[in-house]
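What follows is the residue order along each chain.
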Amino acid sequence: ALTPASETILNNLISAVFGGLTVGLVATLVHRLTTNSVAAGLAALVFGFCPSFWGQAVFAEVYTLNAFFFALALLCGVAWLQTDDDRWIAGGALSLGLGLTNHMTIALLALALLAVLLRAPRRFPRRLLLAVAFTLAGFALVALALAAAVLILYRRWNAVFGRRAHTAESTLAERARRLVEAEAR
């Protein structure tokens, strides 16, 4: 069983893992833009050890997960510009949708991705539909995960407190009914 101390450590660890993944995405993004491994490594080091990012990555906060989705969506946008493969639009939109469920500041990236989509106006409507569909898919994934978590919590609550809670309700309801009947006589 998780204790409050282990939950805190786990949350901090998750934040640090997403911070590290974000640094890796920054390195990949810079390498895609410059094709220079040294520049990519230096950019990742500077970003990773930047006090504002490091400060958010060492304790449980939403910012490293938001930075991860931001960097992933940005990488997908750059990759799409370089390859013109629509799967990158889908990946970027999905990461945007997942990121929007974590922190709303990533919504600003949607405007940039929309500008990227306008690069090819002839195919814009189909690509916009693809982007919207995968953004909504990101929302749906999080909604399904939350629904599953609520269902699990409800079943556990019922397993632990179900009989006692129903017994207490029925006893209380019986007492209330008897009280009303007694006062009605």
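Because the structure is a prediction, the values reported are computed rather than measured. Residue numbers restart at each chain and count upward from 1, following the sequence in its written direction. Where totals are concerned, whole chains, interfaces and linings use all residues; where local detail is concerned, this predicted model gives features only for residues with pLDDT of at least 70, and gives and counts side-chain atom pairs only at 80 or more. Each side-chain value is derived from all of the structure's non-hydrogen atoms; neither hydrogens nor water enter the calculation.

Some points on the overall build of the chain
To be explicit about the condition: Secondary structure is summarised from DSSP: a helix means a run of H or I of at least four residues, a strand means a run of E of at least two, and numbering begins at the N terminus for each. Our radius of gyration looks at C-alpha atoms and nothing else; its globule reference is 2.2 Å times the residue count to the power 0.38.
The number of helices and strands found in the chain is 7 helices and 0 strands. Secondary structure elements of the chain occur, N-terminal to C-terminal, as α-α-α-α-α-α-α. Rg of the C-alpha trace for the chain: 25 Å, well past the compact-globule value of 16 Å for 185 residues, more than 25% over. Each of the three principal axes of the chain carries a C-alpha extent, and together these read 90 × 45 × 20 Å.

What to know about a nonpolar patch on the surface
Selection rule: Two joining distances apply to patches: 9 Å for like charges and 5 Å for nonpolar side chains (Val, Leu, Ile, Met, Phe, Trp, Tyr), and every residue must have over 30% relative accessible area and no salt bridge. Here the accessible surface of atoms and residues is derived via Shrake-Rupley with a 1.4 Å probe, and residues count as covered only by protein chains that are part of the display. Here, a salt bridge means any side-chain nitrogen of Lys or Arg that lies within 4 Å of a carboxyl oxygen of Asp or Glu. Remark: exposure states derive from per-residue accessible area (1.4 Å probe, protein chains only) relative to the maximum for the residue type, with buried under 20%, exposed over 50%, and partly exposed in between.
Residues V38, L42, L45, F49, W54, V58 and F59 make up a contiguous nonpolar surface patch of roughly 730 Å² in combined accessible area. No other element matches the 3 residues that helix 2 (residues 37-48) contributes to the nonpolar patch. When its relative accessible area of 36% is taken as the criterion, F59 is described as partly exposed.

Thoughts on helix 2
Definition in use: A helix is expected to reach a length of 1.5 Å times the quantity of its residues less one. In this context, the arc is that of the directions from the helix axis out to the C-beta atoms. The contact criterion used throughout is that any non-hydrogen atoms of two residues lie within 4.5 Å. Any pair of nitrogen or oxygen atoms within 3.5 Å is treated as a polar contact; in protein, a donor-acceptor pairing is required on top of that, and neighbouring residues in sequence qualify only through side-chain atoms on both sides.
Here helix 2 spans 16 Å end to end across 12 residues, near enough to the 16 Å set by a 1.5 Å rise per residue. Of all the positions in helix 2, only A40, A44 and G48 are classed as buried. The buried residues of helix 2 occupy an angular sector of 55° when projected down its axis, which confines them to one face. Counted as exposed and oriented over 90 degrees from the buried face of helix 2: V38, L42 and V46. Buried-residue contacts for helix 2 involve helix 1 (4-34) and helix 3 (51-57). Among the residues of helix 2, the N-terminal cap falls to N36, whose side-chain oxygen and the backbone nitrogen of V38 are separated by 3.0 Å.

Focus on the packing of aromatic side chains
The condition that has to hold: Between rings of Phe, Tyr and Trp, where Trp is taken as its six-membered ring, a pair exists when centres lie within 6.5 Å; planes separated by under 30 degrees are stacked, by over 60 edge-to-face, and by other angles tilted.
Summed over the entire model, instances satisfying the criterion amount to 4 aromatic pairs. Note on F49 and W54: the rings are 5.4 Å apart at their centroids and 25° apart in plane angle, and the pair reads as stacked. You can call F49 exposed: its relative accessible area is 56%. The class of W54 is partly exposed, set by a relative accessible area of 45%. Chaining the aromatic ring pairs together yields one cluster made of F18, F68 and F69.

Some points on unusual backbone geometry
At T35, a residue that is not glycine, the phi angle is positive and equals roughly 55°. For T35, the location among the structural elements is in the loop between helix 1 and helix 2.

A word on the environment of Q56
Checked against the element boundaries, Q56 lands in helix 3. We classify Q56 as partly exposed; its relative accessible area is 24%. Separated by 84 residues in sequence, Q56 and A140 have C-alpha atoms that sit 27 Å apart. Excluding residues that lie within four positions of it along the chain, Q56 makes contacts with S15, E61, Y63 and T64.

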